[in-house]
Amino acid sequence: MQEQGFTNYSYECWHFDYGNQMYAMMLKFLGRDREQATWYGYVPAPAAVTEIRDSD
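In this text, all values refer to a predicted model and were calculated from it rather than measured experimentally.

K.L.:
Would you take a moment to explain the overall build of the protein chain for this structure?
P.N.:
When you go through the protein chain residue by residue, the secondary structure sums to two helices and two strands. Scanning the protein chain from its N terminus toward the C terminus, one meets helices and strands in the order β-β-α-α. Across the protein chain, the fraction of contacts at a sequence separation of at least 24, relative to all contacts at a separation of at least 6, is 5%. In the form shown here, the protein chain has an accessible surface area of approximately 5000 Å², with 55% of it arising from carbon and sulfur atoms.

Here's what the structure looks like:
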């Protein structure tokens, strides 16, 4: 997975990150890339999902 650009969380051998805050932190720590903004973040639920939740 690292060959494909993912970063590995060293305390959990099964844990890989890509595009989140841990990914950006590890790239900076490893000196492999400049610090960059993460691109995965909050995304509001689609209207259909919120309508179902509101009707409960």
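K.L.:
Please clarify how a nonpolar patch on the surface should be interpreted in this entry.
P.N.:
Taken together, the side chains of Tyr18, Trp39 and Tyr40 present a nonpolar region at the surface, about 330 Å² in accessible area. Its place among the elements puts Trp39 in the loop between α1 (21-30) and α2 (47-55).

K.L.:
Just checking my understanding: could you explain the side chain of Asn8 for this structure?
P.N.:
Structurally, Asn8 can be placed in strand β1 (residues 7-8). Classification of Asn8 by relative accessible area gives buried; the value is 19%. Separated by 3.4 Å, the side chain of Asn8 and the backbone oxygen of Cys13 make a polar contact. A distance of 3.0 Å separates a polar atom in the side chain of Asn8 from the backbone oxygen of His15. Residues within four places of Asn8 in sequence aside, it is in contact with Gln2, Cys13, His15, Phe16 and Met26.

Rules used in this analysis
- All residue numbers here refer to positions counted from 1 along the written sequence of the relevant chain.
- In keeping with the model being predicted, local features are shown solely for residues with a pLDDT of at least 70 and side-chain atom pairs are shown and tallied solely at 80 or more, while totals for entire chains, interfaces and linings include all residues.
- To obtain the side-chain values, all non-hydrogen atoms of the structure were used and water was disregarded.
- Each helix corresponds to a stretch of at least 4 residues labelled H or I by DSSP, and each strand to a stretch of at least 2 residues labelled E; elements are numbered beginning at the N terminus.
- Residue contacts are defined here by distance: any two heavy atoms, one from each residue, within 4.5 Å place the two residues in contact.
- Using a 1.4 Å probe, accessible areas were evaluated by the Shrake-Rupley method; residue-level cover was limited to the displayed protein chains.
- Patch membership requires more than 30% relative accessible area and the absence of a salt bridge. Residues of like charge join within 9 Å; the nonpolar side chains Val, Leu, Ile, Met, Phe, Trp and Tyr join within 5 Å.
- Should a side-chain nitrogen of Lys or Arg be within 4 Å of a carboxyl oxygen of Asp or Glu, the pair is scored as a salt bridge.
- A simple rule labels every residue: compare its accessible area, found with a 1.4 Å probe on the protein chains alone, to the largest value its type can have, and call it buried under 20%, exposed over 50%, or partly exposed in between.
- By the criterion applied in these results, polar contacts are pairs of N or O atoms within 3.5 Å in which, for protein atoms, one can donate a hydrogen and the other can accept it, and in which residues neighboring in sequence qualify only through two side-chain atoms.

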